[in-house]
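Structure assessment
Here is how the chains run, residue by residue.
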Amino acid sequence: MSTLSSEIRRIGIVGGGRMGAGIAEVCSRAGLDTVVCEADATAARAARERVAVSLERAVQRGKLDRISAEDALARLLFTGDLEDLADRQLVIEAAVENAEVKTEIFTALDKIVEDPEAILASNTSAIPVMTLGMATRRADRVLGLHFFNPVPVLPLVEIVSSLHTTADTAETMESFVRETLGKTAIRSQDRSGFVVNALLVPYLLSAIRMAESGFATAADIDAGMVLGCAHPMGPLKLADLIGLDSVAAIAESLYDEFKEPLYAPPPLLRRMVQAGLLGRKTGRGFHTYDRG
């Protein structure tokens, strides 16, 4: 018998960066017992601080009351040991967007997570779920759960099934996303970029090529799409928010799968990633940001 979504109460998160911390916050605010695993104790403390700051921001903005924020933080355990995820019913991997790293994590999780019915999910933006599932002995219980940044704010989750993922696993996760986390779920087949990034990333890359060519400035490109097309944010500011390293990684994955020129990362994007100019998280990308 499969695990019903209402019975999933013990969650594991691998990775406590922006995405992992955001997923952990959403899970803890939903009343779930949540363990966040980072590379070591120092990174685990940084992840806890990341969640605490986000919860405090929600309180200050009137989106969450103080007691609920304190309760949410109390439901979170931060660790540097993957073995602490052994009793989890659902583990969501939110590590760096690198196929080798993610595959190693899934191989380890398959051995560590004790319940054979437990579901292993990835927050990957573009890496094929099949690659991750085949690194385990439970490919039928592996799927993609792709959240969007900032996770506590954006309502969408993409549910991505591989050729091995059972219908029951996908249905359980769709119910979990909708009923437990209170988010909107859409389904996608296992192709690079899934639904959102397959449509979004070529648009971002086109804006980068326009800036690279000198056809228009970053500010004017963004203003054009915000004021001329009623987009809430211009493409280059959005790329900065996502992280230029993440945009490049998704583009590489799309190009690797489809070999279409519109998916190829522009040289300027590659150079900015090499220079560590990754956008909002580093204080400088196509625009500059106050990191304080």
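Residues numbered from 1 in each chain as written. Predicted model: local features only at pLDDT ≥ 70, side-chain atom pairs only at ≥ 80, totals over all residues. Heavy atoms only, no water.

1. Points about the overall build of the chain
Check the secondary structure of the chain and you find eleven helices and eight strands. Compactness check: the chain gives a C-alpha radius of gyration of 19 Å against a globular reference of 19 Å for 292 residues, within 12% of the reference. Per-residue burial for the chain yields a buried fraction of 50% across its 292 residues. Taking as baseline every contact in the chain between residues at least 6 positions apart, the subset at least 24 positions apart corresponds to 67%. For the chain, the accessible surface area stands at approximately 13,400 Å², while carbon and sulfur atoms represent 54% of it. Charge-centre separation for the chain: the mean point of 31 positive side chains lies 5 Å from the mean point of 39 negative side chains. (Helix = DSSP H or I, 4+ residues; strand = E, 2+ residues; numbered from the N terminus. Rg over C-alpha atoms; globule rule 2.2 N^0.38 Å. Buried < 20%, exposed > 50% of the residue type's maximum accessible area, 1.4 Å probe, protein only. Contact = heavy atoms within 4.5 Å. Areas by Shrake-Rupley, 256 points an atom, 1.4 Å probe, with all protein chains shown as cover. Lys, Arg positive; Asp, Glu negative; His and termini not counted. Charge placed at Lys NZ, Arg CZ, Asp CG, Glu CD.)

2. Digging into helix α8 (residues 218-229)
Relative to the 16 Å expected for twelve residues at 1.5 Å per residue, α8 spans 16 Å between its end C-alpha atoms, a close match to the ideal helical length. Turning to α8, its buried residues number three or more, namely Ala-218, Ile-221 and Asp-222. Axial view of α8: buried residues confined to an arc of 95 degrees, hence all on one face. Facing away from the buried side of α8 by more than 90 degrees, the exposed set consists of Asp-220, Leu-227 and Gly-228. Those residues of α8 hidden inside the fold are in contact with α7 (196-213) and α9 (235-242). Trailing α8 by a residue or two, Ala-230 shows a phi angle of about 60 degrees, which is positive. (Expected span 1.5 Å × (residues − 1). Arc of directions from axis to C-beta.)

3. Brief notes about the pattern of salt bridges
A pair can form between side chains of opposite charge whenever their charged atoms are brought close. By the definition in use, this model includes 16 salt bridges. The partner of Glu-97 in a salt bridge is Lys-102, with the nearest N and O atoms 3.7 Å apart. Where Asp-110 meets Arg-137, a salt bridge forms, and the shortest distance between an N and an O atom there is 2.8 Å. Note that Asp-110 is positioned in helix α4 (residues 99-112) and Arg-137 in the loop between α5 (129-133) and β6 (142-147), a separation of 27 residues in sequence. Through salt bridges with shared partners, one network takes in Arg-10, Asp-33, Asp-87 and Arg-88. (Salt bridge = Lys/Arg side-chain N within 4 Å of Asp/Glu carboxyl O.)

4. Looking at unusual backbone geometry
Residue Pro-150 follows Asn-149 across a cis peptide bond; omega there is 0 degrees. One can find Pro-150 in the loop between β6 and β7 (156-161). A positive phi is found at Lys-259, a non-glycine position, where the angle reads about 55 degrees. Inspection of the secondary structure assignment puts Lys-259 in the loop between α10 (244-258) and α11 (267-274).

5. Examining the pairing of strand β1 (residues 10-14)
Taken across its five residues, β1 has four buried, putting it largely inside the fold. Crossover connection from β1 via helix α1 (residues 18-29) to parallel strand β2 (residues 33-37): handedness right-handed. Bridge analysis of β1 against strand β4 (residues 90-93) gives four bridges, and the strand direction is parallel. Following the sheet pairing, Ile-13 is matched in β4 by Ile-92. (Right-handed = clockwise from strand over helix to strand, strands pointing away. Pairing = 2+ DSSP bridges.)

6. A few points about the sheet that holds β7
In a beta sheet, neighbouring strands are held together by backbone hydrogen bonds and run either parallel or antiparallel to one another. One open sheet holds the eight strands; their spatial order is β3-β2-β1-β4-β5-β6-β7-β8, and the pairing between them is mixed. Taken across any chain shown, the strands that pair with only one partner, and hence form the sheet edges, are β3 (76-79) and β8 (184-189). Looking at each pair of strands side by side, their axes are set apart by 25 degrees on average, direction ignored. Relative to the sheet, helix α6 (residues 167-180) contacts β1, β4, β5 (119-122), β6, β7 and β8, its axis offset from that of β8 by approximately 155 degrees. (Axes fitted to C-alpha atoms, helices over the stretch in contact; angles between N-to-C directions.)

7. A closer look at the environment of Asp-220
Note on placement: Asp-220 falls in helix α8. Looking at Asp-220, the relative accessible area reads 53%, which means it is exposed. Between the alpha carbons of Asp-220 and Gly-234 there is a distance of 9.2 Å; along the sequence they are 14 residues apart.

8. Looking at the nonpolar core
Core analysis: the biggest nonpolar cluster contains 40 residues, and Leu-90, Leu-145 and Phe-147 have the highest contact counts within it. Here this core takes seven residues from helix α2 (residues 41-60), the largest share from any one element. Filtering out sequence-adjacent residues up to four positions away, Leu-90 remains in contact with Ile-8, Arg-10, Ile-11, Gly-12, Ile-119, Ala-121, Met-173 and Phe-176. Among the nonpolar cores identified, the runner-up in size contains 22 residues, and Leu-204, Leu-205, Ala-207 and Met-272 belong to it. (Core = buried A, V, L, I, M, F, W, Y, C linked by side-chain atoms within 4.5 Å.)

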